[in-house]
Structure formats: structure tokens, C-alpha cells
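Chains, contacts and geometry: an overview
The primary structure of each chain is shown beneath.
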Amino acid sequence: MKIRAAITATGGYVPDFVLTNKMLTGMVETSEEWIETRTGIKERRILKGEGLGTSDMCVKAIEQILKKKNLSPLDIDMVIVGTITGDHIFPSTSNIICDKMGLKNAWGYDLAAACSGFVYALATGAQFIETGKYKKVIVAGSDKMSSIIDYQDRATCIIFGDGAGAVLLEPDTEGFGIRDSILRADGAGRQYLHQKAGGSVKPPSHASIDAREHYVYQEGQAVFKYAVKGMADVSEEIMKRNNLTGNDVAWLVPHQANKRIIDACADRMGLSADKVMLNIERYGNTTAGTIPLCLWDYEKKLKKGDNIIIATFGAGFTWGAIYLKWAYDTNNE
Ligand SMILES: CC(C)(COP(=O)(O)OP(=O)(O)OC[C@H]1O[C@@H](n2cnc3c(N)ncnc32)[C@H](O)[C@@H]1OP(=O)(O)O)[C@@H](O)C(=O)NCCC(=O)NCCS
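Residues numbered from 1 in each chain as written. Predicted model: local features only at pLDDT ≥ 70, side-chain atom pairs only at ≥ 80, totals over all residues. Heavy atoms only, no water.

1. Concerning the packing of aromatic side chains
- This model, assessed by the stated rule, comprises 10 aromatic pairs.
- Geometrically, the ring pair formed by Tyr 192 and Phe 317 is stacked, given 6.0 Å between the ring centres and 10° between the ring planes. Of the two residues, Tyr 192 sits in the loop between strand 8 (177–185) and strand 9 (193–195) while Phe 317 sits in the loop between strand 12 (307–314) and strand 13 (318–325), which places them 125 residues apart along the sequence.
- Phe 317 gets classed as buried once you look at its relative accessible area, which sits at 3%.
- Residues Trp 326 and Tyr 328 carry aromatic rings whose centres are separated by 4.9 Å and whose planes lie at 35° to one another, so their mutual orientation is tilted.
- Residue classification places Trp 326 among the buried residues on the basis of a relative accessible area of 0%.
- Joined through ring pairs, the aromatic side chains of Tyr 192, Tyr 226, Phe 313, Phe 317 and Trp 319 make up one cluster.
- Geometry around Phe 17 places Lys 48 over its ring, the cationic atom sitting 4.5 Å from the centre.
- Lys 196 extends its terminal NZ or CZ atom over the ring of Tyr 217, reaching a point 4.0 Å from the ring centre. (Phe/Tyr/Trp six-rings, centres within 6.5 Å; stacked < 30°, edge-to-face > 60°. Helix = DSSP H or I, 4+ residues; strand = E, 2+ residues; numbered from the N terminus. Buried < 20%, exposed > 50% of the residue type's maximum accessible area, 1.4 Å probe, protein only. Lys NZ or Arg CZ within 6 Å of the ring centre and 35° of its normal.)

2. Regarding the environment of Lys 136
- Inspection of the secondary structure assignment puts Lys 136 in the loop between helix 5 (117–130) and strand 6 (137–144).
- With relative accessibility at 19%, the residue Lys 136 sits in the buried group.
- For the pair Lys 136 and Asp 150, spaced 14 residues apart in the sequence, the C-alpha separation amounts to 38 Å.
- Only 3.0 Å separates the side chain of Lys 136 from the side chain of Glu 170, close enough to count as a polar contact. (Polar contact = N/O pair within 3.5 Å; in protein donor to acceptor, adjacent residues only side chain to side chain.)

3. Some details on the state of the cysteines
- Enumeration over the complete set of coordinates arrives at 0 disulfides.
- As a non-bridged cysteine, Cys 115 has Cys 294 as the owner of its nearest cysteine sulfur, 13 Å distant.
- Take Cys 157: it sits in no disulfide, and the sulfur closest to it among the cysteines is that of Cys 115, at 16 Å. (Disulfide = S-S within 2.5 Å.)

Right, here's the structure in full:
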């Protein structure tokens, strides 16, 4: 039988520091009510502490997976990290995680697809399992967005937060695991959401720092429009080509960028609100972290055989959907 890549454990980590909407009203011209009604976000977590970065959050999430599955660090074959806020431009955050955790038999890489980083990484990691080459692949999604957010820009600072989530992929031959994926990209969308300086086109300089060009630049309304359409389109398409109706789908795991985008996507899929994973009110948009953090938060509610649709949209533009059959009951283990 065909080898599929099944998620067999989840891990997650959010930093302790809570940045509330009320706190933001003291930093930029906004109101608690505006943020909550326009985005669905009440608070987000911020990683504080000298020398701490994305790898540190990933390590905490992956440690949980090793503990849950009683694995040795030497059992892991690969670590793929979806992130746009890696510890350094190089080496990769994956490389640093392997060192920090003693994953001596593993290799890996970072995958930059912004909010779609985890979904791209999950689809990619699955290939290494499906070919039979590897048995234990960790896929993480994590961003320390506070490192690239301008806390003087009310259009972006209200949305983003820090966090990490991770899953373990293992081979399955009983029909569980990842069954289909649709991945899309359109680089023309980069004009609406990007970081102007810090890369090879515009290396860091005093002038770029003074112009605050190392922070996220976003034209929110344009991104919103593309996100609603992109996420709903791929979700509908993946359901159709797998003969799934809203009744067949147990859970939608949407990227958590704006509650209104999520609601529009669920509507198009014919899903009631109780089938939609949500944690945006507590964590905001953690970019590549949102989807694995949802899986981690909701793990206990998931049942073996549940049909799950993961849907994402992010800078690039990048977007996509994954259909998988959940492979385990947490409570029965
Ligand atoms: C950013 C976002 C929340 C803004 O919400 P919006 O409803 O589109 O708001 P707009 O930008 O149209 O602004 C509406 C009004 O609110 C104001 N406003 C913008 N940010 C505000 C804030 N934080 N507090 C109060 N008012 C604000 C605007 O100035 C504008 O005022 P005006 O009508 O007087 O000009 C929304 O566009 C969004 O979520 N976009 C997608 C973001 C996203 O998904 N990004 C991650 C990548 S997937």
C-alpha cells in the first residue's frame, strides 16, 4: 500500500509575555474595540530576552514531541522550519535547532514562504516520508514577528505575535496522513507585503534603519482581498477533487491572520463555526506558527480518521491547502 506521511505528534510554544490590545492603545492611535472587531485579536505573545530567537521557540515545541513519543534526539532524520524570522540570515535555523537539541543524525533547512511557511514545509516534508527515504521528519513553523514589527505602525503592530509549533511526520500505510495538497505562488503580490531592506537588494545601512525599512510593510486592504479569495478557492478546490462536502470535513485549520478572512473561508466551504480551529484571539498572527499552534491547541479534540483541511495565505503571495486524515486519538494513548 502507498506510504503516506502522517502527523503522529504535535508540540507548541508561546512566550510568557502577553501584549494586550489595551497595551497597544498606549503605543499607537487605536482602540481595543477596533482591533477586536476588525481582526478578532485580543492579545498576542512576545518573546523577550537577550539572545533569544526563533530557534529557541522551536526547540521548546520539538522537545514536547520527543517527550510525547519517547524518542531520542538521535531518532530524528530531518527538521524543516517554515520561518521568515530565522535566528540569522545564515546559517539556517534548522541547523541551529539540530545543534541545540543534539539531533546528530538530522539535517534540514528553512523554508521562507511567510504565513504559508508551515504548509509549504509540511507538503515538502511529506515527500521525504512518501519516498520511503526517511521515517521521522519534524516540520516546524515559527516566527518572532516582534523582531520585524514597527511598534509605531498601527496597521501592522496590532496583528502579529511570536510563537512556534511543530509536528512529527511518520510513514503510514493504513490510509491516514496527508492525502492531497494544492500549493500556489504569485510573486507579483510582493508589492503589498514585504520587508524593504535587510536583504541583498537593499543591505542594511544607516539610511535604511532611519527610514524604518527593516520592518514589515503591509497594504492591509489589498492583502485582505487576495487572502479571502485565495484561501477559499484552494479550500473549495481540494474538497471538490477529493469528493468532500462540508459534512465530511471534521476540521478546518486556517491560517490565523484575521477572523474575518477565516469566517469567509469557512462559509465558502459550508462549515459551521464549531469545525474551525481558532486561537487568533490569544496569539494574533504568528506567521508560520499559526497552523501548527492550532493543531497543538486542538490535539485532544482530534479523532483518528478525522478529515482535516489546512488552508493558508501569506506574503509572496503564497497560498495553499492540504487535506489529511488524522492518524491518532490522543486520549486513547
Ligand atoms: C490590516 C487590517 C486589519 C486592516 O483592517 P481594514 O478593515 O482593512 O482597515 P483599513 O486599512 O481599510 O482601514 C480602515 C480605517 O481604519 C483605520 N485604521 C487602520 N488601522 C487601525 C488601527 N490599528 N486602529 C484604528 N484604526 C485603524 C484606517 O486608517 C482607516 O481609517 P479611514 O477610514 O479614516 O481612512 C486588514 O486589512 C487585514 O487584516 N488585512 C490582512 C492582513 C493579513 O492577513 N496579513 C498577514 C498576511 S496573510
